[in-house]
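Each chain, letter by letter, is given below.
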Amino acid sequence: MSGQISPTVEKTIVLDKANRLLQDLRVSVIDRCNLRCPYCMPRESFGHAYKFLNPNEWLTFEEIETLVRTCVDLGVRKVRLTGGEPLLRPNLPDLIYSLKKIEGIEDLALTTNGILLAGLAGRLRESGLDRLTISLDSFDEDVFKKMSGGRGDLRDVLRAIDCAQKAGFFPLKINCVVQRGKNDHTILDMVKHFRNTGHILRFIEYMDVGNQNQWNFRYVVGSDEIISRIHKQYPLRLLERNYSSETSERYGFVDGSGEIGFVSSVTKAFCGFCTRLRLSADGKFYTCLFANQGLDMRPILRNRISSRSVKETIHKMWMVRNDHYSETRLRDSVGQIKTKKVEMFQIGG
Ligand code: SAM
Ligand code: SF4
Ligand code: SF4
């Protein structure tokens, strides 16, 4: 059963075709990035000739605020800013400041590669950001360099982690994408470093996002394998999920030295609990990470259509949503689906 728009009630419950609520919103504020992680934005495909959006194609902060506010009216409780690299968007703290004032947002978070974070962490905190996730694929300098497409300096990210904690972001989530033969031999180093820090390290299975990363199942290291490798050295026990739509499986170290997470998007698809909508920097809504087209909100926003119509448009989009890509991927022969997909850096993971 799908929800109805009521003319009198402000908050609307909206369910998609698989009875999934609309609860989380990811907002990509820019499609550019200062790194070229091969699993996301391989430098061979995204070099000088690649045409990123022009700044005049980005949604303005006012437009983002309008869409976020409307999504909150439709049930969204958690908002995450992302990119590309969100810290490249000029004046980002101003956006955070205005989003923070929207009643109904329970969690305002941001995912960053950390390269520019050290100098910005304090301002992000002051503007009202609740939580930070920092991506970091290895503690080995050479491996890190390769995993960032030759562009990143590990020291910047380590400094960022320090500054973020000093600015009051605690615990941090640390995202590590694992690729077989690329960084999986450095998993235990990562665990060793983050145990006892209070921060939550999360290993993410390498996904077939976008069209350029040459994904193949043989590069995926499934969470079960990662868990078993860690468990041999640092015994783990399964913890309950914090909430039903949490994408990460939580484990605790048996010796009490903290928590660790696993996002098994490939080997244990969680489409059935997927309550997430994504907004690209140029104003397109995507109802799935693997979607091939989005709903362009810019004409609607720029033609001064009433806020009620904006709400109805989003509501209708969610009501017809029937995405289950990751479940289908496992049923069909692995990785053989060839439809053109939106790129990860356009909608931010
Ligand atoms: N640039 C920021 C960053 O890297 O944190 C935010 C955007 S990035 C697209 C968001 C997250 O997606 C990062 O944690 C990144 O590691 C993850 N990601 C990108 N490509 C991926 C892939 N092919 N499989 C799994 N995770 C991926
Ligand atoms: Fe940039 Fe993040 Fe993609 Fe890496 S994962 S290329 S840091 S957007
Ligand atoms: Fe959600 Fe699509 Fe990922 Fe399934 S494949 S969990 S529907 S984003």
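Here, residues in each chain are numbered from 1, in the same order as that chain's written sequence. Written order determines the labels here, with chains lettered from A and ligands numbered from 1. Owing to the predicted nature of the model, reporting of local features is limited to residues with pLDDT of at least 70; listing and counting of side-chain atom pairs is limited to 80 or more, with chain, interface and lining totals taken over all residues. Heavy atoms throughout the structure, all of them, feed into the side-chain values; hydrogens and water do not.

Visitor: Give a detailed account of the packing of aromatic side chains, specifying residues and quantitative values.
Guide: The rule is short: rings of Phe, Tyr and Trp, with Trp giving its six-membered ring, pair when the centres are within 6.5 Å, and they are stacked under 30 degrees, edge-to-face over 60, tilted in between. By the definition in use, this model includes 12 aromatic pairs. An aromatic cluster is present here, built from Phe46, Tyr50, Phe52 and Phe345 joined pairwise through their rings. Note on geometry: a ring has a charge over it if NZ (lysine) or CZ (arginine) is within 6 Å of the ring centre and within 35 degrees of the ring normal. For Lys182, the ring lying beneath its charged end belongs to Tyr219, and the centroid distance is 5.2 Å. Stacked on the ring of Phe253, the Lys or Arg Arg195 has its end atom at 5.6 Å from the ring centre.

Visitor: Tell me about the pairing of strand S9 (residues 259–263), and name the residues and values.
Guide: Counting buried residues along S9, 4 of its 5 residues qualify, which places the element largely inside the surrounding structure. DSSP calls a pair of strands paired once it identifies at least 2 bridges connecting them. Strands are runs of DSSP state E lasting at least 2 residues, helices are runs of H or I lasting at least 4, and numbering of each runs from the N terminus. One ladder, built from 4 bridges, connects strand S6 (residues 200–205) with S9; its direction is parallel. Among the inter-strand pairings, Arg202 is bridged to a residue of S9, identified as Gly261. With 5 bridges joining them, strand S8 (residues 248–253) and S9 adopt antiparallel strand pairing. Along S9, the bridge assignment pairs Tyr251 with Ile260. With antiparallel pairing between neighbouring strands as the criterion, S8 and S9 make up a hairpin whose turn holds 5 residues, including Gly256 at a positive phi of roughly 80°. Here's how the labels work: a residue is buried when its accessible area is under 20% of the maximum for its type, exposed when over 50%, partly exposed in between, all with a 1.4 Å probe on protein chains only.

Visitor: Account for helix H6 (residues 187–194), with residues named and values stated.
Guide: Turning to H6, its buried residues number three or more, namely Ile187, Met190, Val191 and Phe194. Across the axial projection of H6, the buried residues extend over an arc of 100°, all falling on one side. Of the surrounding elements, those touching the buried residues of H6 are helix H5 (154–166), strand S5 (173–178), S6, helix H7 (223–233), S8 and S9. Residue Asn196 follows H6 closely and has a positive phi angle near 70°. The arc in question is formed by the directions pointing from the helix axis toward the C-beta atoms. A contact between two residues is defined here by any heavy atoms of the two lying within 4.5 Å.

Visitor: Before we move on, could you go through the site of ligand 3 and cite the residues and values that matter?
Guide: Neighbouring residues are identified by heavy atoms, a residue being near a molecule or strand if any of them is within 4 Å of it. Around ligand 3, the neighbouring residues are Phe270, Cys271, Cys274, Arg278, Cys288, Leu289, Phe290, Asp323, Tyr325 and Ser326. A class-by-class count of the residues in the shell around ligand 3 yields 7 nonpolar, 1 polar and 2 charged. Polarity classes work like this: nonpolar for Ala, Val, Leu, Ile, Met, Phe, Trp, Tyr, Cys and Pro, charged for Asp, Glu, Lys and Arg, and polar for all others, with Gly in that last group.

Visitor: Please give an account of the confidence of the model for the protein chain that cites residues and values.
Guide: Confidence of the predictor at the level of single residues is given by pLDDT, which spans 0 to 100. For the protein chain, the average pLDDT comes to 93, and 94% of its residues sit at 70 or higher. In the model, residues 1–9 has pLDDT below 50 throughout and makes 18 contacts with residues more than four positions away in sequence or in other chains.

Visitor: Any chance you could break down the pattern of salt bridges for me, citing the residues and the numbers?
Guide: Oppositely charged side chains are able to pair whenever their charged atoms sit close together. Within this document, salt bridges are pairs made up of a side-chain nitrogen of Lys or Arg and a carboxyl oxygen of Asp or Glu, the two lying within 4 Å of each other. With the rule as written, the count across this model stands at 21 salt bridges. Where Arg20 meets Asp16, a salt bridge forms, and the shortest distance between an N and an O atom there is 2.7 Å. With relative accessibility at 1%, the residue Asp16 sits in the buried group. Put simply, Glu106 and Arg77 hold a salt bridge, and the shortest N to O gap is 3.8 Å. In this pair, Glu106 sits in the loop between helix H2 (92–100) and strand S3 (107–112) while Arg77 sits in the loop between helix H1 (61–73) and strand S2 (78–82), placing the two residues 29 residues apart along the sequence. Here Glu106 falls in the exposed class, since its relative accessible area comes to 61%. A relative accessible area of 25% places Arg77 in the partly exposed class.

Visitor: Outline the site of ligand 1, listing residues and values.
Guide: Every one of the 20 residues lining ligand 1 counts as a neighbour, but Tyr39, Gly84, Ser135, Val177 and Met207 are closest to it. Between ligand 1 and the protein, one listed contact pairs a nitrogen atom with a backbone N or O atom of Tyr39 at 2.9 Å. Polar contacts, as counted here, are pairs of nitrogen or oxygen atoms within 3.5 Å of one another; within protein the pair requires one atom able to donate a hydrogen and one able to accept it, and residues that are adjacent in sequence qualify only if both atoms are side-chain atoms. Backbone polar atom of Gly84 to a nitrogen atom of ligand 1: 3.0 Å apart, as the coordinates give it. Listed by contribution, the elements that provide at least two residues to the shell around ligand 1 are S3, S5 and S6. Split into classes, the residues belonging to the shell around ligand 1 amount to 8 nonpolar, 10 polar and 2 charged.

Visitor: Residue-level account of the layout of surface pockets, with values.
Guide: Note on definitions: the grid is 1 Å and covers protein atoms alone; a cavity is a set of points where a 1.4 Å probe fits but cannot get out; a pocket is an open set with protein on both sides within 12 Å along at least five of seven lines; lining residues have an atom within 4 Å of a point. Grid points are joined across faces, edges and corners, and a volume is the space filled by probe spheres set on the points. As a volume, the largest pocket reaches approximately 370 Å³. Looking at the largest pocket, it is lined by 19 residues, and the ones nearest its centre are Pro38, Glu44, Lys146, Gln179 and Lys182. Looking at the lining of the largest pocket, its residues break down into 6 nonpolar, 8 polar and 5 charged.

Visitor: Lay out the sheet that holds strand S7 (residues 236–238) in plain terms, naming residues and giving numbers.
Guide: Strand order in the open sheet formed by 12 strands is S7-S8-S9-S6-S5-S4-S3-S2-S1-S10-S11-S12, and the pairing between neighbours is mixed. Looking at which strands have only one partner, the edges of the open sheet turn out to be S7 and strand S12 (295–296). Pairing of strand S1 (residues 24–28) with S2, which is carried by 5 bridges, proceeds in the parallel orientation. Bridged to Val27 within S2 is Leu81. Note on geometry: axes are lines fitted to C-alpha atoms, helical ones only across the stretch in contact, with angles between N-to-C directions running from 0 to 180 degrees. Most of the contacts of H6 go to S6, to which it runs at about 160°, and overall it touches S5, S6, S8 and S9.

Visitor: So, the pairing of S8: which residues are in play, and what are the values?
Guide: When you tally the buried positions in S8, you get 6 out of 6 residues, the bulk of the element. The two faces of S8 match: Ser248, Arg250 and Gly252 on one face and Glu249, Tyr251 and Phe253 on the other face are all buried. Bridge count for S7 against S8 is 3 bridges, and the pairing is antiparallel. Looking across to S8, one finds that Arg237 is bridged to Gly252.

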